[in-house]
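Spelled out, the chains give:
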Amino acid sequence: MPHRYRDLHPRCHEYRTKNIDKTQYPTIAENCTTISWEYANETNNFGNCVNITKDDEFMYVTSNNVPDFYMNLYCPIGLGFGYCTQSEKDKGTCMFPNLICGGDNGPGALKYGDVWVPNEANYKIPLKGNPTRSDRPGDMYDAETVGGEKTIGPSTGVAINGIGIQGPNDAGDFSIDEGGFQLACGGHVTPPLGNVAPGSDPGPGGPPLYHFHKSPECLEPFKNASIGYAHGAQPYVHAKLIGWAMDGFKIFAYQDVDGAAPIVDECGGHFGPTDTGEIEYHYHSRPIVPYHLACQGPSLSNCARTQRGTNFCHPAAELMFVSSRNKRRGLA
């Protein structure tokens, strides 16, 4: 019996740039798109390929969507189970109602779980974000408004290793934590839909595509603070760069200046000095929703109007201050 396919997640394709000029993007080696999970290891950078070039206005990123670290076989709920939460099933919003992990589901689907399949991705990102734009805040998934491009629709940005950073939710409208999904290094693969129509696009409708949702803590910018002070960790400085949002603003790991926890706006960003000392608007990866960004900032306290479905906006700084003050006063 063929699987049923319901595209209830339009951002997967709606935000994808339909026509791009491939000649402006850097190339990657031919074997980057043929490498298989079984043969990826530390001798070949675990199969990861990324190439980045720049002109006067934009950064151009080409990658094969393969992480530069080992990925274990993955089943989101368990071997022999499906890919949706019970709530999604109850509401009839499960995109993959008949798909079972460990079954014969096409490329990337193995007997004991799913693995990545290489797929070339392209990102065109402004070199400098513009915090004075009159249309801020913007939709976290948008690229076109700022002149950008992307071939992976649900990406809100791209990490330094070329892996797409997607929003706080998976295919449904629940955050990763609310859905109960456990992600090693903050990422996982999309369900294997290579045998399911339409079958041509990455993500829903294609083989497993690796991507991040939560903080990719195995990347060097995070290890810089976590490996232990005696081993050279620097937990009391501003965090290092982990990637770029589609609006051109940088994304950093957890720490703000002097290692403090950053106070961010509803989008997940703020103005301040970064690791280079330059004062600019930037985002911070966070262990809580929205994990990276909920809108393209600054938020100007208007993040909610950019949300489609569940509101993933970060708690506003003023709300956090009031909550903290009320706790101290015994009012919460």
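Just so it is clear, the structure is predicted and the values come from calculations on it, not from any experiment. (Residues numbered from 1 in each chain as written. Predicted model: local features only at pLDDT ≥ 70, side-chain atom pairs only at ≥ 80, totals over all residues. Heavy atoms only, no water.)

This paragraph deals with the overall build of the chain. Along its length, the chain carries 5 helices and 16 strands. In the chain, once contacts between residues fewer than 6 apart in sequence are set aside, the share between residues at least 24 apart is 65%. Only carbon and sulfur atoms are counted for the fraction: they give 53% of the accessible area of the chain, which is about 15,200 Å². (Helix = DSSP H or I, 4+ residues; strand = E, 2+ residues; numbered from the N terminus. Contact = heavy atoms within 4.5 Å. Areas by Shrake-Rupley, 256 points an atom, 1.4 Å probe, with all protein chains shown as cover.)

Let us look at the nonpolar core. Ranked by internal contacts, the top residues of the largest apolar core, which has 40 residues, are Trp116, Tyr210, Phe212, Ile251 and Tyr283. At the level of secondary structure, the elements contributing two or more residues to this core comprise β11 (210-212), β12 (241-245), β13 (250-252) and β15 (279-284). Leaving out residues up to four positions away in the same chain, tryptophan 116 has contacts with Ile35, Ser36, Trp37, Ala40, Phe46, Val66, Pro67, Met71, Val189, Pro208 and Tyr210. In this structure, Met59, Tyr123, Leu209 and Trp244 belong to the second largest nonpolar core, which totals 11 residues. (Core = buried A, V, L, I, M, F, W, Y, C linked by side-chain atoms within 4.5 Å. Buried < 20%, exposed > 50% of the residue type's maximum accessible area, 1.4 Å probe, protein only.)

Moving on, we come to the sheet that holds strand β7 (residues 149-150). Consider a sheet: its strands pair through backbone hydrogen bonds, and that pairing is either parallel or antiparallel. What the 4 strands build is an open sheet, ordered β1-β2-β5-β7; its pairing is antiparallel. Edge strands, defined here as strands with exactly one partner in the open sheet, are β1 (50-54) and β7. Sheet topology note: the β1/strand β2 (residues 58-63) ladder contains 5 bridges and is antiparallel. The residue of β2 that forms the bridge with threonine 53 is tyrosine 60. (Pairing = 2+ DSSP bridges.)

Glancing now at the pattern of salt bridges. Tallying each qualifying case throughout the model produces 7 salt bridges. Here arginine 133 and aspartate 135 are joined by a salt bridge, their closest N and O atoms 2.8 Å apart. By relative accessible area, aspartate 135 is classed as partly exposed at 28%. Glutamate 280 is the salt-bridge partner of lysine 250, the closest N and O atoms lying 3.4 Å from each other. Taken together, the residues span a long stretch of sequence, with lysine 250 in strand β13 and glutamate 280 in strand β15 at a distance of 30 residues. Judged by its relative accessible area of 25%, lysine 250 is partly exposed. Glutamate 280 sits in the buried class, given a relative accessible area of 13%. Taken together, the salt bridges that share partners define one network made up of Arg133, Asp135 and Arg136. (Salt bridge = Lys/Arg side-chain N within 4 Å of Asp/Glu carboxyl O.)

Here we come to the side chain of threonine 85. Relative to the helices and strands, threonine 85 is located in the loop between β2 and α2 (86-91). Apart from residues no more than four positions distant in its own chain, threonine 85 is found in contact with Ile77, Phe174, Gly179 and Phe181.

This part is about a nonpolar patch on the surface. A cluster of nonpolar side chains, contributed by Leu73, Leu79 and Tyr112, occupies part of the molecular surface with about 300 Å² of accessible area. Mapped onto the elements, tyrosine 112 comes out in the loop between β3 (109-110) and β4 (113-114). (Patch = residues over 30% accessible without salt bridge, like charges linked within 9 Å, V, L, I, M, F, W, Y side chains within 5 Å.)

Okay, the state of the cysteines next. Within the structure shown, the criterion is met by 6 disulfides. What pairs with cysteine 75 in a disulfide is cysteine 101, and their sulfur atoms sit 1.9 Å apart. Classification of the bridge connecting cysteine 75 and cysteine 101 rests on its S-S torsion, roughly -85°, and on that basis the disulfide is left-handed. Taken together, the residues span a long stretch of sequence, with cysteine 75 in the loop between β2 and α2 and cysteine 101 in the loop between α2 and β3 at a distance of 26 residues. By the burial criterion, cysteine 75 is buried, and cysteine 101 matches it. Put simply, cysteine 84 and cysteine 94 are joined by a disulfide, and their sulfur atoms are 2.0 Å apart. Sign of the S-S torsion, about 75° for the bond between cysteine 84 and cysteine 94, identifies this disulfide as right-handed. You can see cysteine 84 sitting in the loop between β2 and α2 and its partner cysteine 94 sitting in the loop between α2 and β3, a full 10 residues away along the chain. There is no split in this pair, since cysteine 84 and cysteine 94 are both buried. Of note for the chain: the bonded cysteines, numbered N- to C-terminal, pair according to 1-2, 3-6, 4-5, 7-8, 9-10, 11-12. (Disulfide = S-S within 2.5 Å.)

Further remarks concern the side chain of threonine 156. With respect to the helices, strands and loops of the structure, threonine 156 is situated in strand β8 (residues 155-159). Those residues within four positions of threonine 156 in sequence are excluded, and the remaining contacts are Met140, Tyr141, Ile165, Gln166, Gly167, Ala245, Met246 and Leu293.

Here we come to the confidence of the model for the chain. Residues with a pLDDT of 70 or more make up 88% of the chain, whose mean pLDDT is 89. Here residues 199-203 is modelled with pLDDT under 50, and outside its nearest four sequence neighbours on either side it reaches 15 contacts, counting other chains as well. (pLDDT = per-residue confidence, 0-100.)

Further remarks concern the packing of aromatic side chains. Enumeration according to the criterion identifies 12 aromatic pairs in this entry. Both rings, one in tyrosine 25 and one in tyrosine 60, keep their centres 5.5 Å apart while their planes meet at 90°; by these two values the pair is edge-to-face. You can see tyrosine 25 sitting in the loop between α1 (11-14) and β1 and its partner tyrosine 60 sitting in strand β2, a full 35 residues away along the chain. The two residues tyrosine 25 and tyrosine 60 agree in class, both being buried. Centre to centre, the rings of phenylalanine 249 and tyrosine 281 are 5.0 Å apart; their planes meet at 70°, and the pair counts as edge-to-face. Residue phenylalanine 249 is located in the loop between β12 and β13, and its partner tyrosine 281 is located in strand β15; the two are separated by 32 residues in the primary sequence. (Phe/Tyr/Trp six-rings, centres within 6.5 Å; stacked < 30°, edge-to-face > 60°.)

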